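A closer look at the structure
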Amino acid sequence: MKKRCGWCSDDPLYIKYHDQEWGVPAHDDRHLFEMLILEGAQAGLSWITILKKRESYRQAFDQFDAVKVAAYTDEDVQRLLSNAGIVRNRLKIAAAIKNARGVLQIQQEFGSLDRYLWGFVDHQPVQNNWESLREVPVQTDASVRMSKDLKKRGFGFVGPTICYAFMQAVGMVNDHEQGCFRHAEVKVLSCA
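Overview of the structure. (Residues numbered from 1 in each chain as written. Predicted model: local features only at pLDDT ≥ 70, side-chain atom pairs only at ≥ 80, totals over all residues. Heavy atoms only, no water.)

1. Things to note about the overall build of the protein
Regarding its fold elements, the protein presents 10 helices and 2 strands. Computed over the C-alpha atoms, the radius of gyration of the protein is 16 Å, within 12% of the 16 Å expected from 2.2 N^0.38 for a compact globule of 192 residues. Principal axes of the C-alpha set define a box for the protein whose edges measure 50 × 35 × 25 Å. A burial count over the protein gives 52% of its 192 residues as buried. Contacts spanning at least 24 positions in sequence make up 66% of the contacts within the protein whose residues lie at least 6 apart. Surface summary for the protein: the accessible area is close to 9,500 Å², and the carbon and sulfur share equals 51%. (Helix = DSSP H or I, 4+ residues; strand = E, 2+ residues; numbered from the N terminus. Rg over C-alpha atoms; globule rule 2.2 N^0.38 Å. Buried < 20%, exposed > 50% of the residue type's maximum accessible area, 1.4 Å probe, protein only. Contact = heavy atoms within 4.5 Å. Areas by Shrake-Rupley, 256 points an atom, 1.4 Å probe, with all protein chains shown as cover.)

Dropping the structure here:
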């Protein structure tokens, strides 16, 4: 039986996420925007709650097309607030729209969201070697810098802890525990 990180439950959706996606370096702007929104939506909730709502989020937010989301109106906010498939929190919905507008500005300034975000780790995944979940920090200097800069640009639900969870999810840091079978696999992907 494969050994996984201590946070991974036996839920098949969680296992699939852990085994195939979490920690894999991601560079697609649409995916990065999606993960930024989902990590913000998770604030105060469990990640499995968001994973179970992920497909509904994709449908509700036009597959995380930042151009479309940035153009959302009050009618769209009402539509989203009535969608039981997502977290119906007005502040989180408003932040997603505001963040989409911020993504468009970042793309204009930096050429891509990818180039901007990965700059916080010098465009190379940080390779950590944690033995257990207890050692993994909830934020780092890089996530604090990212949070401050995103907030300065008008983003919402991007505190240092959310930013670190985002960095872990999109492979900016390899926080798979050393004993987890994915630690070495993700490390190889990071070097490719």
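More follows now that the structure is in view.
2. Some points on the pattern of salt bridges
For the structure on display, the rule yields 12 salt bridges. A salt bridge links Arg54 to Glu21; its shortest N-O distance comes to 2.8 Å. Placement of the pair is Arg54 in helix H3 (residues 47–60) and Glu21 in the loop between helix H1 (12–20) and helix H2 (29–41), with a sequence separation of 33 residues. What makes Arg54 buried here is its relative accessible area of 8%. (Salt bridge = Lys/Arg side-chain N within 4 Å of Asp/Glu carboxyl O.)

3. Some remarks on the nonpolar core
Ranked by size, the top nonpolar core spans 57 residues in total, and within it Phe33, Phe61, Met146, Phe166 and Met167 carry the most contacts. Dropping the residues within four chain positions of it, Phe61 is found in contact with Val69, Tyr72, Leu80, Ile86 and Ala96. (Core = buried A, V, L, I, M, F, W, Y, C linked by side-chain atoms within 4.5 Å.)

4. A short note on helix H9 (residues 160–169)
Most of H9 sits out of view: 8 of its 10 residues are buried. For H9, the full list of buried residues reads Ile162, Cys163, Tyr164, Ala165, Phe166, Met167, Gln168 and Ala169. Structurally, H9 contributes buried residues whose contacts are with H1, H2, helix H7 (113–118), helix H8 (141–152) and strand E2 (173–174). Note on H9: the residue one or two positions beyond its end, Gly171, has a positive phi of about 80°.

5. Here's the deal with the packing of aromatic side chains
Taken as a whole, this structure holds 9 aromatic pairs when the rule is applied. Between Trp7 and Tyr14 the ring centres are 5.4 Å apart and the planes differ by 65°, which places this aromatic pair in the edge-to-face class. With 6.0 Å between their ring centres and 5° between their planes, Phe61 and Phe64 make a pair best called stacked. Taken individually, Phe61 and Phe64 each receive the classification buried, so the pair is uniform in this respect. Following the ring pairs from residue to residue traces out a cluster consisting of Phe33, Tyr57, Phe61, Phe64 and Tyr72. The residue whose ring lies beneath Arg79 is Tyr72, and the NZ or CZ to ring-centre distance is 5.2 Å. (Phe/Tyr/Trp six-rings, centres within 6.5 Å; stacked < 30°, edge-to-face > 60°. Lys NZ or Arg CZ within 6 Å of the ring centre and 35° of its normal.)

6. Details of the environment of Cys5
Take Cys5: it is sitting in the segment before H1. Exposure remark for Cys5: the relative accessible area of 2% places this residue in the buried category. Considering only alpha carbons, one finds Cys5 and Glu131, 126 residues apart in sequence, at a separation of 9.6 Å. The contacts of Cys5, once residues within four sequence positions are left out, are His18, Trp22, Asp175, His176, Glu177 and Cys180.

7. Digging into the environment of Asn99
Within the secondary structure, Asn99 is located in helix H6 (residues 90–110). Sequence-distant contacts of Asn99, defined by excluding residues within four places in its chain, comprise Phe33, Ile37, Gly154, Phe155 and Gly156. Within the local environment of Asn99, its side chain forms a polar contact with the backbone nitrogen of Gly156, the two atoms lying 2.9 Å apart. (Polar contact = N/O pair within 3.5 Å; in protein donor to acceptor, adjacent residues only side chain to side chain.)

8. Regarding the packing of helix H5 (residues 74–81) against H6
Packing of H5 against H6 leaves a shortest axis separation of 10 Å and a crossing angle of 135°. The orientation of H5 with respect to H6, classified from their angle, is oblique. Once H5 is placed against H6, the crossing between them reads as right-handed. Seen from H5, the contacting residues are Val77, Gln78, Leu80 and Leu81; seen from H6, they are Arg90, Ile93 and Ile97. (Axes fitted to C-alpha atoms, helices over the stretch in contact; angles between N-to-C directions. Parallel < 35°, antiparallel > 145°, perpendicular 65-115°, else oblique. Left-handed = near helix turned anticlockwise from the far one by under 90°.)

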